[in-house]
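# Structural features, examined
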Amino acid sequence: MPTALYPGTFDPPTNGHFDIIERAAGLFDRVIVTVALNSSKKFLFSIEERLAMLEEVIGSFGEDLSSRVEIARFNGLLVDFAREQNASVIVRGLRTLGDFEYEMQMALMNRRLASQINTVFIAADERYIHLNSTIVRDLARHGAPLDELVPASVAQRLVARFSESG
Ligand code: ADP
């Protein structure tokens, strides 16, 4: 079975992301959650914090799943990192039509750059269709409850981050 990359910014990782990771680990022997360093976005959490949040939660998945999942940082072109890791699949989650347009552009561009790498879309769970990291950050900023949106360890870091900044 091929190795798959699951790339994203994960600022912070949400239950929607973890659901995709769990399902990808059921489909592929090796899933590398690939955390982007080189985005023009301004992040709430540093790369180290985002890696640590992913590690904490994936570590709690149970041996069978967590043994298939690795976490890596990457900087540069995703297809170069895929080649380096011998990965032939890129996994992405699909929520809405808005995602579809953007994801299709990315998939076609990656295919142009590396035709042997296929993008595989996993349909979002209906509980998480409207969930994204921006919404989670906004809710946390205003002290709204985060249950069912992010794992408790991620919620704790969000609360701490916004209490630091007042
Ligand atoms: P990016 O900035 O690369 O889109 P994200 O961390 O926002 O990174 O998302 C990474 C991937 O996870 C994308 O494929 C995105 O569509 C998917 N994703 C994000 N939130 C959810 C969710 N709630 N359910 C399913 N997939 C999701």
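Residues numbered from 1 in each chain as written. Predicted model: local features only at pLDDT ≥ 70, side-chain atom pairs only at ≥ 80, totals over all residues. Heavy atoms only, no water.

Along its length, the protein carries seven helices and five strands. Ordering the α and β elements of the protein from the N terminus gives β-α-β-α-α-β-α-β-α-β-α-α. Expected size for 166 residues packed as a compact globule is a radius of gyration near 15 Å; at 16 Å, the protein falls within 12% of this value. Principal-axis analysis of the C-alpha atoms places the extent of the protein at approximately 50 × 35 × 30 Å. Expressed as a percentage of its 166 residues, the buried residues of the protein come to 46%. Restricting to contacts in the protein with at least 6 residues of sequence separation, those with at least 24 account for 78%. Separation between the mean location of the 17 positive side-chain charges and that of the 22 negative ones in the protein comes to 6 Å. (Helix = DSSP H or I, 4+ residues; strand = E, 2+ residues; numbered from the N terminus. Rg over C-alpha atoms; globule rule 2.2 N^0.38 Å. Buried < 20%, exposed > 50% of the residue type's maximum accessible area, 1.4 Å probe, protein only. Contact = heavy atoms within 4.5 Å. Lys, Arg positive; Asp, Glu negative; His and termini not counted. Charge placed at Lys NZ, Arg CZ, Asp CG, Glu CD.)

Looking now at the site of the ligand. Lining the immediate surroundings of the ligand are 17 residues, of which Tyr6, Lys41, Gly93, Tyr128 and Leu131 lie closest. Here an oxygen atom of the ligand and a side-chain polar atom of Arg92 are 3.1 Å apart. Arg95 is positioned such that a nitrogen or oxygen atom in its side chain is 3.1 Å from a nitrogen atom of the ligand. Computed on the free molecule, the ligand has an accessible area of 550 Å², of which 90% lies beneath the protein chains in the complex. Of all the secondary structure elements, the ones that give two or more residues to the shell around the ligand are β1 (3-8), α1 (15-27), β4 (87-94) and α5 (97-113). Looking at the shell around the ligand residue by residue, the classes come out as seven nonpolar, five polar and five charged. (Near = heavy atom within 4 Å. Polar contact = N/O pair within 3.5 Å; in protein donor to acceptor, adjacent residues only side chain to side chain. Areas by Shrake-Rupley, 256 points an atom, 1.4 Å probe, with all protein chains shown as cover. Nonpolar A, V, L, I, M, F, W, Y, C, P; charged D, E, K, R; others polar.)

Right, let's talk about the sheet that holds β4 for a bit. One open sheet accounts for five strands, arranged β3-β2-β1-β4-β5; its pairing is parallel. Each edge of the sheet is formed by a strand with only one pairing partner; in this case those strands are β3 (69-74) and β5 (118-123). Taking the axes of each pair of neighbouring strands and ignoring which way they run, one obtains an average angle of 30 degrees across the sheet. Bridging between strand β2 (residues 30-36) and β3 involves six bridges; their strand directions are parallel. Considered in β3, the bridge of Ala36 is made with Phe74. Contacting β2 and β3, helix α2 (residues 47-59) runs over the sheet at an angle of about 175 degrees to β3. Along the sheet face, α5 touches β4 and β5 and points at about 170 degrees away from the line of β4. (Pairing = 2+ DSSP bridges. Axes fitted to C-alpha atoms, helices over the stretch in contact; angles between N-to-C directions.)

Within helix α6 (residues 133-141), burial applies to Ser133, Val136, Arg137 and Ala140. Around the axis of α6, the buried residues are gathered within 100 degrees of arc, so they sit on the same side. The inward-facing, buried residues of α6 contact α1 and α7 (152-164). Its side-chain oxygen 3.0 Å from the backbone nitrogen of Thr134, Asn132 forms the N-cap of α6. Gly143 lies just past α6 and shows a positive phi near 75 degrees. (Arc of directions from axis to C-beta.)

With that settled, the discussion passes to the environment of Val31. Tracing the sequence through the fold places Val31 in strand β2. Under the relative-accessibility criterion, Val31 is labelled buried at 0%. Between the alpha carbons of Val31 and Ile21 there is a distance of 7.8 Å; along the sequence they are ten residues apart. If we ignore the near neighbours within four places in the chain, the residues touching Val31 are Ala4, Tyr6, Ala24, Ala25, Arg68, Val69 and Glu70.

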